[in-house]
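The residues making up each chain are set out below.
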Amino acid sequence: MSALQQRIAAARDEDRAALIAYLPVGYPDVDASIAAMVAAVEGGADAGGVGGADIVEIGVPYSDPGMDGPVIQQAVDVAVRAGVGLRDVLRAVEAVAAAGAVPVVMSYWNPIERYGVDRFATDLAAAGGAGAITPDLIPDEAAAWLAASDAAGLDRVFLVAPSSTDARLRSTVQACRGFVYAASTMGVTGTRATVSDAAERLVARTREAIADTGVLLPVCVGLGVSNGDQAAEVAGFADGVIVGTAYVRPLLDGEGVEGVRRLSEDLARGVRQRAGAPA
Amino acid sequence: MTTSAVSPPEPRLAPAAPAWPDATGHFGIFGGRFVPEALIAALDELTAAYEAMKVDPAFVEEFARLQRDYTGRPSPVTEVPGFAEHCGGARVLLKREDLNHTGSHKINNVLGQALLTKRIGKSRVIAETGAGQHGVATATAAALMGLSCTVYMGEEDTRRQALNVARMRLLGAEVIPVTTGSRTLKDAINEAFRDWVTNVETTNYVFGTVAGPHPFPAMVRDFQRVIGDEAREQVLEREGRLPDAVLACVGGGSNAIGIFTAFVPDAGVRLIGLEAAGDGVETGRHAATITGGTPGVLHGARSYLLQDDNGQTIESHSISAGLDYPGVGPEHSHLHDIGRAEYRPVTDAEAMEAFALLCRTEGIIPAIESAHALAGVMRLGRELGPEALLLVNLSGRGDKDVETASRWFGLGDREEVDPGPGMDTDQQPTEGAVTNHEAVDGQDAGEQA
């Protein structure tokens with residue numbers, strides 16, 4: 001079983017959802033971003049509280065992040081201008097693995113293609129990475145990545161959306177390994193006041209597609225979750241809760257690594273209070 | 001290669017169907033769809049609706065009526081002997097897209113996409129714009145067809161092209177200045193995609209060039225190919241033969257694809273795209289994507305692009321806002337790789353020299369974008385000599401560029417105007433040109449141009 005799937009299954013064994021934290025490498029600088037990732041993993045564990053993130057989505061800075069809202073854009077723009085690249089990302093992968101969470105890279109496609117798809121897969125596996133999430137790569141265009149991730153034994157996470165047809169849900173889940181990323185709302189990344197109704201419906205439809213195709217995969221929900229209460233709500237129907245913008249905001253607001261740690265503890269409590277556990 | 005075609009080809013009864021893209025939008029290794037899954041349903045819907053629409057006689061008739069009665073097609077072909085004296089004596093014909101309603105070829109595409117928007121039952125259109133020409137054309141079509149319209153434009157471009165911002169607002173469009181990234185066309189495209197993914201239920205994205213995810217490169221080409229279909233017939237009729245070469249400027253590449261497509265099967269006709277070389281490709285400050293770029297993925301498709309070792313898009317530079325784009329359409333990338341088309345760089349200085357020359361010799365003020373193609377024909381004419389017959393797409397008129405040109409040539413500062421650098425083709429732009437170039441580029445466009 002894949003590293004991602006294993007970690008999500010371990011959370012399920014504790015009757016909770018997994019917490020997946022996104023942070024981009026290079027904001028405010030490479031070292032501070034890695035420290036923030038480690039803090040997101042630790043959460044309140046050292047202070048006797050619950051731990052933090054089970055999985056860290058390590059964001060690769062990209063000049064044209066078409067799926068991201070203003071908060072992530074602002075942070076990533078700084079990293080791009082500083083010349084942060086995949087070598088720095090691989091350092092973050094090692095640090096997250098050492099902190100005890102499962103590292104997975106989140107990247108728009110061009111930086112990977114430029115680095116070289118096979119070389120990326122080899123280097124990521126060597127650094128201890130579980131795989132990659134590719135928000136602008138659909139399985140239809142992913143032949144090179146499917147082959148490279150197979151060869152390196154890496155997970156590959158594709159996205160599904162409320163607008164995905166049933167046929168596309170089936171073909172996408174068949175291409176996924178690790179988990180399926182349910183992008184719960186039609187829109188870009190950013191915090192929202194309420195969790196969209198569309199999220200629960202999308203998870204249910206994705207699970208049907210999983211059942212139809214006979215693959216066994218967890219479904220994790222991203223886009224819009226910002227606090228423990230929302231995390232608890234999503235944990236009521238999903239296998240994992242993905243939080244991005246809310247993790248970046250304390251860094252932009254000057255709360256720094258401690259702000260990230262506090263948020264992670266709040267979210268970690270949330271995923272342990274699932275509002276109505278799934279059957 | 002240096003002489004005209006030996007025997008005149010037969011006029012074709014119907015325009016030749018392009019050999020690409022494949023069913024999933026690939027032009028060789030280029031094109032495709034590199035977008036979030038959330039947009040796939042909308043792209044599929046557009047593809048299906050477009051495929052149905054283009055063979056629907058009611059649409060074909062309506063589109064032809066708008067092109068004739070609203071745009072003013074067919075646009076004429078004008079021979080320019082005065083200008084051609086500076087082109088090694090070759091004969092030069094201009095396809096006059098500058099005479100279209102709204103002043104450029106952009107209207108050809110937006111009328112098609114606006115009709116498609118109505119057909120799929122959406123009430124709002126969004127568009128990106130660089131120089132403002134596509135934004136103005138989209139706002140025009142939206143006004144004509146009763147659609148609400150939002151145009152994204154880089155903040156720097158809204159300053160450089162204030163006249164077009166005012167035009168769009170007069171036409172009832174909302175213009176949103178984009179303040180992210182480099183604040184130019186590429187960031188306007190990013191913002192338009194973000195709007196689209198959020199509002200896709202009600203909104204259609206009217207893409208302005210032959211780039212972006214499938215079906216945009218093929219669809220925009222099909223709406224623009226009227227330029228070459230007309231021009232091929234017009235040249236055959238007046239000359240009894242095909243031109244030796246067809247030239248057009250290339251930013252994203254819609255006017256070039258528009259005039260190339262009809263000629264692609266004519267193996268004896270050279271197809272030459274002129275890219276904006278800014279200060280010179282060797283300086284790194286340019287927008288010559290095929291000349292100076294590498295294959296990669298940007299804005300939803302694989303194509304040549306300007307990128308660094310980390311795969312980050314490099315900001316482009318050109319005096320022409322409409323060519324100031326670090327990507328290029330996938331079909332151009334393919335035509336380059338298979339050797340069917342050639343792509344050559346033209347610097348700001350060369351383009352402005354040709355700009356001035358056309359003004360003075362022919363009484364036609366071209367868009368600075370189109371002036372890159374004119375500079376290309378000056379060079380090619382000297383290479384091929386007096387036997388050559390050369391067709392240039394004059395993709396737009398220069399009204400929008402008067403301020404930029406005045407600054408470049410220092411016209412605002414002088415009582416008496418010099419005969420102008422364009423009058424002597426061997427002469428580099430004179431003192432005013434160089435210093436004023438600094439002024440244009442260094443002022444508000446320095447980050448961005």
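Residues numbered from 1 in each chain as written. Chains lettered and ligands numbered in written order. Predicted model: local features only at pLDDT ≥ 70, side-chain atom pairs only at ≥ 80, totals over all residues. Heavy atoms only, no water.

Chemist: Help me get a handle on the packing of helix α5 (residues 133-145) of chain B against helix α7 (residues 162-170) of chain B, residues and values and all.
Modeler: Residue and element names in this part refer to chain B. It is at 9 Å that the axes of α5 and α7 come closest, and there the two elements cross at 10 degrees. Considering the angle they form, α5 stands roughly parallel to α7. Contacts between α5 and α7 involve Q133, G135, V136 and A139 from the first element and N164, R167 and M168 from the second. Residue composition of the contact of α5 with α7, grouped by class: three nonpolar, three polar and one charged. (Axes fitted to C-alpha atoms, helices over the stretch in contact; angles between N-to-C directions. Helix = DSSP H or I, 4+ residues; strand = E, 2+ residues; numbered from the N terminus. Parallel < 35°, antiparallel > 145°, perpendicular 65-115°, else oblique. Contact = heavy atoms within 4.5 Å. Nonpolar A, V, L, I, M, F, W, Y, C, P; charged D, E, K, R; others polar.)

Chemist: I'd love a proper account of the sheet that holds strand β5 (residues 124-129) of chain B, names of residues and values included.
Modeler: Residue and element names in this part refer to chain B. Judged by pairing direction, the sheet is parallel, and its four strands sit side by side in the order β7-β6-β5-β8 without closing on themselves. If you trace the sheet from one side to the other, it starts and ends with β7 (174-178) and β8 (203-205), each paired once. Adjacent strand axes in the sheet meet at a mean angle of 25 degrees when their direction is disregarded. Of the pairings in the sheet, the one linking strand β6 (residues 148-154) to β7 comprises five bridges and is parallel in character. Within β7, the position partnered with Y152 by the bridge is I176. The strands touched by α5 within the sheet are β5 and β6, with β5 carrying the most contacts at an inclination of about 165 degrees. (Pairing = 2+ DSSP bridges.)

Chemist: Mind laying out the interface of chain B and chain A, listing which residues take part and the relevant values?
Modeler: Counting from both sides, the interface comprises 34 residues of chain B and, opposite them, 36 residues of chain A. Between chain B and chain A lies a buried interface of about 2800 Å² when both sides are counted; carbon and sulfur atoms form 44% of it. Where chain B packs against chain A, one counts four salt bridges. Connecting chain B to chain A are 21 residue pairs in polar contact (both at pLDDT 80 or more). Counting residues per element, the ones that place at least two in the side of chain B that touches chain A are α1 (40-54), α8 (185-199), β11 (294-298) and β12 (301-305) of chain B. Counting residues per element, the side of chain B that touches chain A draws most heavily on α8(B), at six residues. (Buried area = accessible area lost by both parts, 1.4 Å probe. Salt bridge = Lys/Arg side-chain N within 4 Å of Asp/Glu carboxyl O. Polar contact = N/O pair within 3.5 Å; in protein donor to acceptor, adjacent residues only side chain to side chain.)

Chemist: Provide a residue-level description of the side chain of R302(B), including the pertinent values.
Modeler: For R302(B), the position within the fold is in strand β12. Among the polar contacts listed, one links the side chain of R302(B) to the side chain of E113(A), at a separation of 2.5 Å. Aside from chain neighbours lying at most four places away, what touches R302(B) is W109(A), E113(A), I29(B), F30(B), G31(B), F34(B), G296(B), V297(B) and P330(B).

Chemist: Give a detailed account of helix α3 (residues 70-81) of chain A, specifying residues and quantitative values.
Modeler: Along its twelve residues, α3(A) runs 16 Å from first to last C-alpha, staying within 8% of the 16 Å computed at 1.5 Å per residue. For α3(A), every residue scored as buried is listed here: V71(A), I72(A), Q73(A), A75(A), V76(A), A79(A) and V80(A). Close packing links the buried residues of α3(A) with β1 (18-24) and α11 (245-252) of chain A together with α8 of chain B. Directly beyond the C-terminal end of α3(A), a positive phi value near 80 degrees is found at G83(A). (Expected span 1.5 Å × (residues − 1). Buried < 20%, exposed > 50% of the residue type's maximum accessible area, 1.4 Å probe, protein only.)

Chemist: Outline helix α10 (residues 226-239) of chain B, listing residues and values.
Modeler: An α-helical turn contains 3.6 residues, so any two residues separated by three or four positions project in the same direction. Residue and element names in this part refer to chain B. For α10, with 14 residues, the first-to-last C-alpha span of 20 Å sits near the 20 Å given by 1.5 Å per residue. Turning to α10, its buried residues are V226, I227, G228, E230, A231, R232, Q234, V235 and L236. The first or second residue beyond α10 is G240, which carries a positive phi of 70 degrees.

Chemist: Outline the pattern of salt bridges, supporting the account with residue identities and numerical values.
Modeler: Scanning all chains against the criterion turns up 54 salt bridges over all chains. Where E37(B) meets R168(A), a salt bridge forms, and the shortest distance between an N and an O atom there is 3.0 Å. With E37(B) in the loop between β2 (30-31) and α1 and R168(A) in helix α8 (residues 166-175), the pair connects residues from two separate chains. Among the residues examined, E37(B) registers a relative accessible area of 4% and is labelled buried. In this structure R168(A) comes out as buried when scored by relative accessible area, which is 12%. Residues E239(B) and R91(B) are paired through a salt bridge, measuring 2.8 Å at the closest nitrogen-oxygen approach. Of this pair, E239(B) sits in helix α10 while R91(B) sits in strand β4 (residues 91-96); the two residues are 148 residues apart in sequence, bridging distant segments of the chain. For R91(B), a relative accessible area of 32% translates into the label partly exposed.

Chemist: Now, about the packing of α1(B) against helix α9 (residues 216-224) of chain B: what can you tell me, with residues and values included?
Modeler: All names here are of chain B. Interhelical geometry of α1 versus α9 gives an angle of 30 degrees and a closest axis separation of 11 Å. One way to sum up the angle between α1 and α9 is to call them roughly parallel. Read as a crossing pair, α1 and α9 show a hand that is left-handed. Side by side, α1 and α9 meet where L43, L46, Y50, M53 and K54 of the first sit next to F216, M219, D222 and F223 of the second. (Left-handed = near helix turned anticlockwise from the far one by under 90°.)

Chemist: Residues and numbers for the state of the cysteines, please.
Modeler: Residue and element names in this part refer to chain B. For the coordinates displayed, the defined rule picks out zero disulfides over all chains. Cysteine C249 shares no disulfide, and the gap to the nearest cysteine sulfur, in C359, comes to 15 Å. The exposure class assigned to C249 is buried, which follows from its relative accessible area of 1%. With no disulfide of its own, C359 lies closest to C87 among cysteine sulfurs, the gap being 14 Å. (Disulfide = S-S within 2.5 Å.)

Chemist: Report on unusual backbone geometry, specifying residues and quantitative values.
Modeler: That bond from R73(B) to P74(B) is cis: its omega, 0 degrees, falls within 30 degrees of zero. One can find P74(B) in the loop between α2 (57-71) and β3 (77-79). Each neighbour pair has its own omega, and for H214(B) with P215(B) the value is 15 degrees, a cis peptide bond. Residue placement: P215(B) occurs in the loop between β8 and α9. One non-glycine residue, D15(A), lies in positive phi territory at about 55 degrees. Relative to the helices and strands, D15(A) is located in the loop between α1 (3-13) and β1. Its identity is not glycine, yet L223(A) carries a phi of approximately 90 degrees, on the positive side. With respect to the helices and strands, L223(A) occurs in the loop between β8 (219-222) and α10 (228-235).

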